[in-house]
Amino acid sequence: MRRNQVAVVGAAETTELGIIPTMSQIQLHADAALNAIADAGLKLSDIDGFATAVETPQQICHYLGITPTWVDGTSVGGCSFMLHVRHAAAAIEAGLCKTVLITHAESGKSMIGKQPRSIAPDSLQGQFEAPFGVYGPPSMFPIPVLRYMKTYGITHEQLAMVAVVQREWAAKNPRAMMKDPITVDDVLNSRMIAYPFRLLQCCLVTDGGGALILTSADRAKDFPQKPVYILGTGESVETPMVSQMETFNSSRAFKVAGPLAFKEAGISHADVDHLMIYDAFAHLPLFGLGDLGFMPHAETGPFIAAGHTRPGGKLPLNTNGGGLSYMHSGMYGMYALQESVRQMRGIAPAQVPGAKISVCHGVGGMFAASGTIIFTNER
Amino acid sequence: MAEAKRARPKPTPETQHFWDGTKAGELRLQRCDACAHVYFPPRPFCPSCASRKVSVFKASGKGTLYSYVINHRPAAPGFTPPYAIAVVALEEGPRLMSNITGCPQTPEALELDMALEVTFEALDEQITLPLFRPAKG
């Protein structure tokens, strides 16, 4: 895909984030969509392309009253929205549509109008994982961690620092769920969830949503907000079964999607001013730093422990506080994208001064899928 | 009210041989007749070279502990926490998820790369699960 041909011209989260007992899941989609439409200075009738995940495009298009000529229902977990951005950029470039709305919302905490996730007993997961006591992401996503720690010499303290540093960022974000400072000891003494991970190393469970609006870069200059251009993109999938990953020392989906985006963007790691790595659990930023090629995996734990990703550090990472402290409705990728867009617009609560390039990397399922979007505010 | 039970696998035509195997006390894998690739989970073609000529064989049942979590909460129905959810690297190459029996469910007792051997636990008359225990000797 060519660089900087498509831009984000509208971006917004739901009016409230956190616990929202007053809205069903589709209304959260609509709330985010209406906020993004207003942000872009558009009408719903201007939207001719639509993408969403979990909920179907027909469900949300009907609810909003949109008649699209291009739809994408790619639903590969929390990074689905990175894939939507990539697909939307290609569709706009190909002339299939002009103005794309991407929505995410999840009543993850209040569970209003949300179908519970279930594993069919005759699926491969139902036959070869569920009988062994996996029960939700906390029992599955950390399964690779002990192997990763042994291979690279990563310590429990380093993995605790991920949560500590992200709480520092969250403290600068008024909309973050958890803002009180925490220490490594706090993390290592928090309630055990699934050894080696404790409560403060697991993502929050909240309600909320977000929406993005994309159009061609040529049109973008006529919109009220500063355009944020799509510089590079990548995507891949590996397996829905964490037990069947090629290795626990790396994510194959990360290693495909990340470098693809860097190559397309034509940038080096030293060019990156701001970084988001979807942190459903504390090991994700380490896998991301390693698999995206920022540094060898063995250096990721020491790098975070040394404070290089904290406020004022040389590689600002997860500046909204991440899934660990900002919010996590179940599919956090949309919120990572929102923070990258805020940083590129220069309006983030914890703004990285002068940031020009933001890398936003998402995971879907338990390393099942991945999407990477590289944004810039310079064309 | 009946006690909540462990999730019960429901075999499909492609996986029936595996579950017939565990019921007969065998851990069955598949090998490609064309490229010799050994793979899991079951399917009637080779995921490496796409050949449909594949054979089912009895695995040694020996493996090592690749990684695990010790799940505390929330516990799955039919499980008493804390319990380990492990991934076992089989001698023949594939890995599979299982539980480790016959040893404490603690980080001290569960050492990565420790030798394991398969053991079978009947869930009901139709389904037997492959579990693993520390290898003897």
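Remember, it's a predicted structure, so these values are computed and weren't measured experimentally.

Calculation rules
Residues numbered from 1 in each chain as written. Chains lettered and ligands numbered in written order. Predicted model: local features only at pLDDT ≥ 70, side-chain atom pairs only at ≥ 80, totals over all residues. Heavy atoms only, no water. Helix = DSSP H or I, 4+ residues; strand = E, 2+ residues; numbered from the N terminus. Rg over C-alpha atoms; globule rule 2.2 N^0.38 Å. Buried < 20%, exposed > 50% of the residue type's maximum accessible area, 1.4 Å probe, protein only. Contact = heavy atoms within 4.5 Å. Polar contact = N/O pair within 3.5 Å; in protein donor to acceptor, adjacent residues only side chain to side chain. Expected span 1.5 Å × (residues − 1). Arc of directions from axis to C-beta. Pairing = 2+ DSSP bridges. Axes fitted to C-alpha atoms, helices over the stretch in contact; angles between N-to-C directions. Buried area = accessible area lost by both parts, 1.4 Å probe. Salt bridge = Lys/Arg side-chain N within 4 Å of Asp/Glu carboxyl O. Nonpolar A, V, L, I, M, F, W, Y, C, P; charged D, E, K, R; others polar. 1 Å grid on protein atoms, 1.4 Å probe; cavity = no way out; pocket = protein on both sides within 12 Å on 5 of 7 lines; lining within 4 Å. Points joined across faces, edges and corners; volume = space filled by probe spheres on them. Core = buried A, V, L, I, M, F, W, Y, C linked by side-chain atoms within 4.5 Å. Phe/Tyr/Trp six-rings, centres within 6.5 Å; stacked < 30°, edge-to-face > 60°. Lys NZ or Arg CZ within 6 Å of the ring centre and 35° of its normal.

A. Main features of the overall build of chain B. Helix and strand content of chain B: one helix and eight strands. Taken from N to C terminus, the helices and strands of chain B fall in the order α-β-β-β-β-β-β-β-β. Scaling as 2.2 N^0.38, a compact globule of 137 residues should have a C-alpha radius of gyration of about 14 Å, and chain B matches this with 16 Å. Overall, chain B is about 45 × 40 × 25 Å in size when its C-alpha atoms are taken along their principal axes. By the burial criterion, 45% of the 137 residues in chain B qualify as buried. If you take every contact in chain B between residues at least 6 apart in sequence, the share linking residues at least 24 apart comes to 50%.

B. View of the side chain of His-104 of chain A. Residues and elements named next belong to chain A. Among the secondary structure elements, His-104 is positioned in strand S4 (residues 100-107). Engagement of the side chain of His-104 in a polar contact is seen with the side chain of Ser-329, the distance being 3.0 Å. With near-sequence residues (within four places) excluded, His-104 lies in contact with His-29, Ala-32, Phe-81, Gly-208, Gly-209, Gly-210, Ser-329, Met-331, Met-334 and Tyr-335.

C. Representation of helix H10 (residues 252-265) of chain A within the structure. Residue and element names in this part refer to chain A. Here H10 contains 14 residues, and its C-alpha end-to-end distance of 20 Å stays within 8% of the 20 Å for a straight helix at 1.5 Å per residue. Taken as a whole, H10 has its buried residues at Ala-253, Phe-254, Ala-257, Gly-258, Ala-261, Phe-262, Glu-264 and Ala-265. Projected down its long axis, H10 carries its buried residues within an arc of 165°, all on one side. Among the residues trailing H10, Gly-266 stands out with phi positive, at a value near 70°.

D. Molecular detail of the sheet that holds strand S9 (residues 274-277) of chain A. Residue and element names in this part refer to chain A. The strand order S3-S2-S4-S7-S1-S8-S11-S10-S9 describes an open sheet built from nine strands, whose pairing is mixed. The open sheet has two edge strands, strand S3 (70-72) and S9, and neither has a second partner. Here the strands of the sheet are splayed against their neighbours by 20° on average, with no regard to which way each runs. Relative to strand S11 (residues 369-376), strand S10 (residues 357-364) runs antiparallel, the two being bridged by eight bridges. The residue bridging Gly-362 from the neighbouring strand is Gly-371, located in S11. In this fold helix H11 (residues 284-291) packs onto S9 and S10, with an angle of close to 125° to the strand it touches most, S9.

E. Representation of the interface of chain A and chain B. Between chain A and chain B, the residue contacts involve 36 residues of the former and 41 residues of the latter. Summed over both sides, the interface between chain A and chain B buries roughly 3100 Å², with carbon and sulfur atoms accounting for 63% of that surface. Connecting chain A to chain B are two salt bridges. The salt bridge involving Asp-113 of chain B is made with Lys-150 of chain A; its shortest N-O contact spans 2.7 Å. For the pair chain A and chain B, the interface holds 20 residue pairs in polar contact (both at pLDDT 80 or more). For the side of chain A that touches chain B, the secondary-structure elements that each account for two or more residues are helix H4 (124-128), helix H6 (145-152) and strand S5 (192-195) of chain A. A class-by-class count of the residues in the side of chain A that touches chain B yields 22 nonpolar, eight polar and six charged.

F. Representation of the layout of surface pockets in the model. Taken as a whole, the second largest pocket spans an internal volume of roughly 470 Å³. Residue lining of the second largest pocket: 21 residues in total, with Gln-244 and Met-245 of chain A together with Phe-40, Pro-41 and Arg-43 of chain B positioned closest to the centre. Looking at the lining of the second largest pocket residue by residue, the class counts come to ten nonpolar, six polar and five charged.

G. Region of interest: the sheet that holds strand S1 (residues 28-32) of chain B. Residues and elements named next belong to chain B. One open sheet accounts for three strands, arranged S2-S1-S3; its pairing is antiparallel. Every interior strand has two partners, whereas the edge strands, strand S2 (38-39) and strand S3 (54-58), have only one. Against the sheet, helix H1 (residues 16-23) touches S1 and S3, its axis set at about 140° to S1.

H. The arrangement of the pairing of strand S8 (residues 228-237) of chain A in detail. Residue and element names in this part refer to chain A. Taken across its ten residues, S8 has eight buried, putting it largely inside the fold. Strand direction decides the pairing type here: strand S1 (residues 6-13) and S8, joined by two bridges, are antiparallel. Its bridge partner being in S8, Ala-7 is matched across the sheet by Tyr-229. Here S8 pairs with S11 via eight bridges, running antiparallel. Counterpart to Ser-236 in the pairing with S11 is Ser-370.

I. Quick peek at the nonpolar core. Residues and elements named next belong to chain A. Leu-212, Leu-214 and Phe-375 are the most contacted members of the largest nonpolar core, which totals 142 residues. Broken down by element, this core gets its largest block of residues, nine residues, from helix H7 (residues 156-170). Discounting residues that sit within four places of it in the chain, Leu-212 has contacts with Val-8, Gly-10, Ala-11, Val-85, Val-100, Leu-101, Ile-102, Met-334, Leu-337, Gln-338 and Val-341. Core analysis: the second largest hydrophobic core is formed by 23 residues, Ala-12, Leu-64, Leu-101 and Ala-217 among them.

J. Representation of the packing of aromatic side chains within the structure. Counted according to the given criterion, the structure contains 16 aromatic pairs over all chains. Their ring planes at 85° and their centres at 5.2 Å tell us that Phe-128 of chain A and Phe-18 of chain B sit as a pair that is edge-to-face. Here Phe-18 of chain B lies in helix H1 and Phe-128 of chain A lies in helix H4, a pairing that spans two chains. Owing to a relative accessible area of 3%, Phe-128 of chain A belongs among the buried residues under this scheme. When its relative accessible area of 1% is taken as the criterion, Phe-18 of chain B is described as buried. Three or more aromatic residues link up through ring pairs in this structure, and these residues are Phe-141, Tyr-148, Tyr-152, Phe-254, Phe-281, Phe-287 and Phe-367 of chain A. One cation-aromatic arrangement involves Arg-31 of chain B over Phe-57 of chain B; the distance from NZ or CZ to the ring centre is 4.0 Å. Cation over ring: Arg-95 of chain B sits above Tyr-66 of chain B, and NZ or CZ is 3.8 Å from the ring centre.

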